[in-house]
Amino acid sequence: VRLLRDWLDTNSQKSGSKVILAADVGGPVETRVDRAVSILDQVGERIVAVKVNWHILLTDGVRGLRALKERCEELGLPLIADMKLNDIGTTNAEAAKILFSNGFEAVIANPFVGYEDGIRELLAEAKKMGKGVILLVYMSHEGAKEGYALQADGEKLYLRFARKTKEWGADGAIVSSRSPSVIREVRGVLAAEQLILSPGVGFQGGEPGEALAAGADYLIVGRSIVESKDPVGAVERLERSLRAPG
Ligand code: NUP
């Protein structure tokens, strides 16, 4: 059993990278997985993990992602399933079981469904299989504030979700890179070993350096890399911007 945090940290120490690649390949469906593998061939040694979303999971299914999974194994990169599981406990657990037994090391879920008959069963399945669960604490899109920033009994919903992430012992949280102050608040609530993975840099406008300075552990980056004509150059530019002073 390998904790997601240890795995990412080990990879990061080796490569100096803070990037989780979101393999969000669009365009012709017949070639999406091939193109995802090809991007991985180019940037695989400059990232710490790969995240898969509907873009390729819906078109190809877990079994169709075998080539991607094998490439990840060769590169020592964990695969994260961004399914934002959001259902009753038995359904969440079934989805997780399918993902975990087909090469995924962690799954993202929505804490909104609550613990009993919601997240509990998912966490139990993950624990049984030695895998990870990451909870959505503050999403990166503009409309996120309409939900995650609501007041819930005098507490911001995202802070409540951060507290639950800690209480339930999940592996970490997703927090928007567009809201460094929220990252800072969430960091103050989570246990030290719990991860903050931060999407929204580049295309969505988040500043990678600010997100990391506020307490994010890793950046989730999709289109800036995937849609670039030069994926390696895109990763290098990002890494360089992190090293630049100020
Ligand atoms: O709050 C979130 N924001 C977000 O963008 C939670 C996510 N899981 N994501 C996902 O991260 C999104 O669906 C996409 O797969 C990736 C960001 O991609 P990009 O904006 O870098 O292209």
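Each remark here, short or long, concerns the structure printed above.
Quick look at the structure, then. Computed from a predicted model, the values in this text were never measured in an experiment.

Focus on the overall build of the protein chain
At step 1: Counting its regular elements, the protein chain contains twelve helices and ten strands.
At step 2: A compact globule built from 246 residues would reach a C-alpha radius of gyration of about 18 Å, and the protein chain, at 17 Å, matches this within 12%.
At step 3: Judged by the C-alpha coordinates and their principal axes, the protein chain covers about 50 × 45 × 30 Å.
At step 4: Looking at the protein chain as a whole, 54% of its 246 residues qualify as buried.
At step 5: Summed over its atoms, the accessible surface of the protein chain is roughly 11,300 Å², and 50% of this surface lies on carbon and sulfur atoms.
At step 6: In the protein chain, the 32 positive side-chain charges and the 34 negative ones have mean positions that sit 2 Å from each other.

Comments concerning the site of the ligand
At step 1: The immediate surroundings of the ligand are formed by 14 residues, with Asp24, Asp82, Ser140, Gln204 and Arg223 found nearest.
At step 2: Contact between the ligand and Asp82: a nitrogen atom at 2.6 Å from a side-chain N or O atom of the residue.
At step 3: Here a nitrogen atom of the ligand and a side-chain polar atom of Lys84 are 3.2 Å apart.
At step 4: Compared with its free state, where it exposes 480 Å², the ligand has 91% of that area covered by protein.

A closer look at the sheet that holds strand 10 (residues 218–221)
Whenever strands of a sheet pair, they do so through backbone hydrogen bonds, lying parallel or antiparallel.
At step 1: The strand order 1-2-3-4-5-8-9-10 describes a closed barrel built from eight strands, whose pairing is parallel. Taking the axes of each pair of neighbouring strands and ignoring which way they run, one obtains an average angle of 30° across the sheet.
At step 2: Taken together, the three bridges between strand 9 (residues 195–199) and strand 10 define a ladder with parallel strand orientation. Each bridged residue has a counterpart across the sheet, and for Leu197 the counterpart in strand 10 is Tyr218.
At step 3: Packing against the sheet, helix 1 (residues 4–15) makes contact with strand 2 (49–52), strand 4 (106–109), strand 5 (132–138), strand 9 and strand 10, and its axis sits at approximately 65° to strand 9.

Thoughts on the environment of Asp60
At step 1: One can find Asp60 in helix 3 (residues 54–64).
At step 2: Counting along the chain gives 27 residues from Asp60 to Val33, while the straight-line C-alpha distance between them is 7.7 Å.
At step 3: The contact partners of Asp60, leaving out residues within four places of it in the chain, are Val29, Val33 and Leu65.

Regarding the packing of aromatic side chains
At step 1: Throughout the structure, instances matching the rule amount to five aromatic pairs.
At step 2: Pairwise contacts between aromatic rings join Phe112, Tyr138, Tyr148, Tyr158 and Phe161 into one cluster.
At step 3: The ring of Tyr218 has Lys18 lying over it, and the distance from NZ or CZ to the ring centre is 5.1 Å.

Some points on helix 3
At step 1: Buried residues of helix 3: Ile56, Leu57 and Val62, and no others. Around the axis of helix 3, the buried residues are gathered within 90° of arc, so they sit on the same side.
At step 2: Close packing links the buried residues of helix 3 with helix 2 (32–43), strand 2, helix 4 (66–75), strand 3 (79–85) and helix 5 (89–100).

Things to note about the environment of Glu121
At step 1: Looking at the secondary structure, you find Glu121 in helix 6 (residues 115–129).
At step 2: Exposure remark for Glu121: the relative accessible area of 19% places this residue in the buried category.
At step 3: Spatially, the C-alpha atoms of Glu121 and Leu40 are 33 Å apart, while their sequence positions differ by 81 residues.
At step 4: There is a polar contact of 3.4 Å between the side chain of Glu121 and the backbone nitrogen of Asp117.

Topic: the pairing of strand 8 (residues 172–175)
At step 1: Burial along strand 8 is two-sided: Gly172 and Ile174 facing one way and Ala173 and Val175 facing the other are all buried.
At step 2: When strand 5 meets strand 8, the two strands line up parallel, connected through four bridges. Paired with Ile134 across the strands is Gly172, a residue of strand 8.
At step 3: For strand 8 and strand 9, the ladder comprises three bridges, and the chain directions are parallel.

Considerations on unusual backbone geometry
At step 1: Positive phi outside glycine occurs at Asp117, with the angle close to 55°.
At step 2: Inspection of the secondary structure assignment puts Asp117 in helix 6.
At step 3: Even without being glycine, Asp153 reaches a positive phi, approximately 50°.
At step 4: Turning to its location among the elements, Asp153 is positioned in the loop between strand 6 (151–152) and strand 7 (155–156).
At step 5: Its relative accessible area of 73% is what places Asp153 among the exposed residues.

Conventions we followed
Residues numbered from 1 in each chain as written. Predicted model: local features only at pLDDT ≥ 70, side-chain atom pairs only at ≥ 80, totals over all residues. Heavy atoms only, no water. Helix = DSSP H or I, 4+ residues; strand = E, 2+ residues; numbered from the N terminus. Rg over C-alpha atoms; globule rule 2.2 N^0.38 Å. Buried < 20%, exposed > 50% of the residue type's maximum accessible area, 1.4 Å probe, protein only. Areas by Shrake-Rupley, 256 points an atom, 1.4 Å probe, with all protein chains shown as cover. Lys, Arg positive; Asp, Glu negative; His and termini not counted. Charge placed at Lys NZ, Arg CZ, Asp CG, Glu CD. Near = heavy atom within 4 Å. Polar contact = N/O pair within 3.5 Å; in protein donor to acceptor, adjacent residues only side chain to side chain. Pairing = 2+ DSSP bridges. Axes fitted to C-alpha atoms, helices over the stretch in contact; angles between N-to-C directions. Contact = heavy atoms within 4.5 Å. Phe/Tyr/Trp six-rings, centres within 6.5 Å; stacked < 30°, edge-to-face > 60°. Lys NZ or Arg CZ within 6 Å of the ring centre and 35° of its normal. Arc of directions from axis to C-beta.

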